[in-house]
Amino acid sequence: MPRPKSEVLERCVFKHKSQNVYMIADAYQGKQIKQAMIDFLEAASGANLEKVTVSVGAQKLVLDGRGGANLVAYIGHEGFMDFQLPTLPQKKNDNQRDAIILACISKSYFATPLRTAGASPLVWTTGLMAPEAYTLKSAIDGWILKESNAQIRERAAAAYSKYQKCSLNAARRLLVTGW
């Protein structure tokens, strides 16, 4: 899959094994964290209505990418610990978008940017954490099944507890949902 911009090292598109749900994942160069965060917040706001074409066998599909997604996620270093953004992307439309932010203390650092973007926090964090794929996968699995935010957060906490070898209560305190 071609890189959408120079800051992105690789783009991967995944299809859920049993549902008609696609995930588009961009891996950014570490020194481009500011751009990664801007792109995430723009997607959360509904801006940058990108179309992504993928081949599935002989068929070509056109997917809504950034800005057209129902669920957006940011996984990585909490860049707001290091810098401020000069402006924050503003909500562009009335579409409902959920957001998962797996970064250290994301509820504190991302509250204003996420509220400005108009997305709803599905899972985010209250403390330091290891932002790893098993937590994201667990949350997405619950989202695909249309579970409640509380159930999705519980799935994410259970996965985090298992792989980080911390108590489930500690994982529940770390991973939270809602404002």
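Everything in this summary refers to the structure shown in the same document. All residue numbers here refer to positions counted from 1 along the written sequence of the relevant chain. Totals for whole chains, interfaces and linings use all residues, but because this is a predicted model, local features are given only for residues with pLDDT of at least 70 and pairs of side-chain atoms are given and counted only at 80 or more. Calculation of side-chain values draws on the structure's entire complement of heavy atoms; hydrogens and water are dropped beforehand.

1. Considerations on the overall build of the protein chain
- Think of it this way: any DSSP run of H or I at least four residues long counts as a helix, any run of E at least two long counts as a strand, and we number them from the N terminus. Within the protein chain, the secondary structure is distributed over five helices and eight strands.
- When the elements of the protein chain are put in sequence order from the N terminus, they spell out β-β-α-β-β-β-β-α-β-α-α-α-β.
- Only protein chains enter the accessibility calculation, which uses a 1.4 Å probe. A residue is then buried if its area is under 20% of the maximum for its type, exposed if over 50%, and partly exposed in between. Taking all 179 residues of the protein chain together, the buried fraction comes to 41%.
- Across the protein chain, contacts joining residues at least 24 apart in sequence account for 61% of those joining residues at least 6 apart. Note on definitions: a residue-residue contact is assigned when non-hydrogen atoms from the two residues lie within 4.5 Å.

2. Remarks on the packing of helix α1 (residues 33-45) against helix α2 (residues 106-117)
- Every angle, taken between N-to-C directions, lies between 0 and 180 degrees, and every axis is a line fitted to C-alpha atoms, over only the stretch in contact when it is a helix. Put simply, α1 and α2 touch, their axes get as near as 8 Å, and they point 40° apart. With respect to each other, α1 and α2 are oriented oblique. Here α1 contributes Met37, Phe40, Leu41, Ala44 and Ser45 to the contact with α2, which in turn contributes Phe110, Pro113, Leu114 and Ala117.
- Here the nonpolar group is Ala, Val, Leu, Ile, Met, Phe, Trp, Tyr, Cys and Pro; Asp, Glu, Lys and Arg are the charged ones; every other residue, Gly included, is treated as polar. For the contact of α1 with α2, the residue count by class is eight nonpolar, one polar and no charged. By definition in this entry, angles of less than 35 degrees are roughly parallel, angles greater than 145 are roughly antiparallel, angles of 65 to 115 are roughly perpendicular, and the rest are oblique.

3. Re the environment of Tyr74
- Take Tyr74: it is sitting in strand β5 (residues 71-75).
- For Tyr74, a relative accessible area of 7% corresponds to the buried category.
- As for Tyr74 and Trp124, which are separated by 50 residues in sequence, their C-alpha atoms are 9.7 Å apart.
- Excluding its chain neighbours within four sequence positions, the residues that come into contact with Tyr74 are Ile33, Ala36, Met37, Phe40, Ile100, Ile101, Leu102, Ala103 and Phe110.

4. Section: the environment of Phe110
- Tracing the chain through its elements places Phe110 in helix α2.
- Phe110 gets classed as buried once you look at its relative accessible area, which sits at 0%.
- For the pair Phe110 and Asp26, spaced 84 residues apart in the sequence, the C-alpha separation amounts to 20 Å.
- Sequence-distant contacts of Phe110, that is, excluding residues within four places in its chain, are made with Met37, Phe40, Leu41, Tyr74, Glu78, Phe80, Ile101 and Trp124.

5. Description of α1
- Given a helix with a known number of residues, its expected span is that number minus one, times 1.5 Å. Between its terminal C-alpha atoms α1 stretches 18 Å, which fits the 18 Å expected from 13 residues at 1.5 Å a residue.
- Those residues of α1 lying buried are Ile33, Ala36, Met37, Asp39, Phe40, Leu41, Ala43, Ala44 and Ser45.
- Those residues of α1 hidden inside the fold are in contact with β2 (22-28), β5, β6 (98-102) and α2.
- Downstream of α1 by one or two residues, Gly46 has phi in the positive range, about 95°.

6. Remarks on the nonpolar core
- Remark: nonpolar core denotes a set of buried residues (Ala, Val, Leu, Ile, Met, Phe, Trp, Tyr, Cys) joined through side-chain atoms within 4.5 Å. The biggest cluster of nonpolar side chains holds 23 residues, and the ones touching the most others in it are Met37, Phe40, Tyr74, Ile101, Phe110 and Leu114.
- At the level of secondary structure, the elements contributing two or more residues to this core comprise α1, β5, β6 and α2.
- Among the elements that take part in this core, α1 stands out by supplying seven residues, more than any other.
- Counting 20 residues, the second largest nonpolar core, distinct from the first, contains Leu71, Val123, Ala171 and Leu174.

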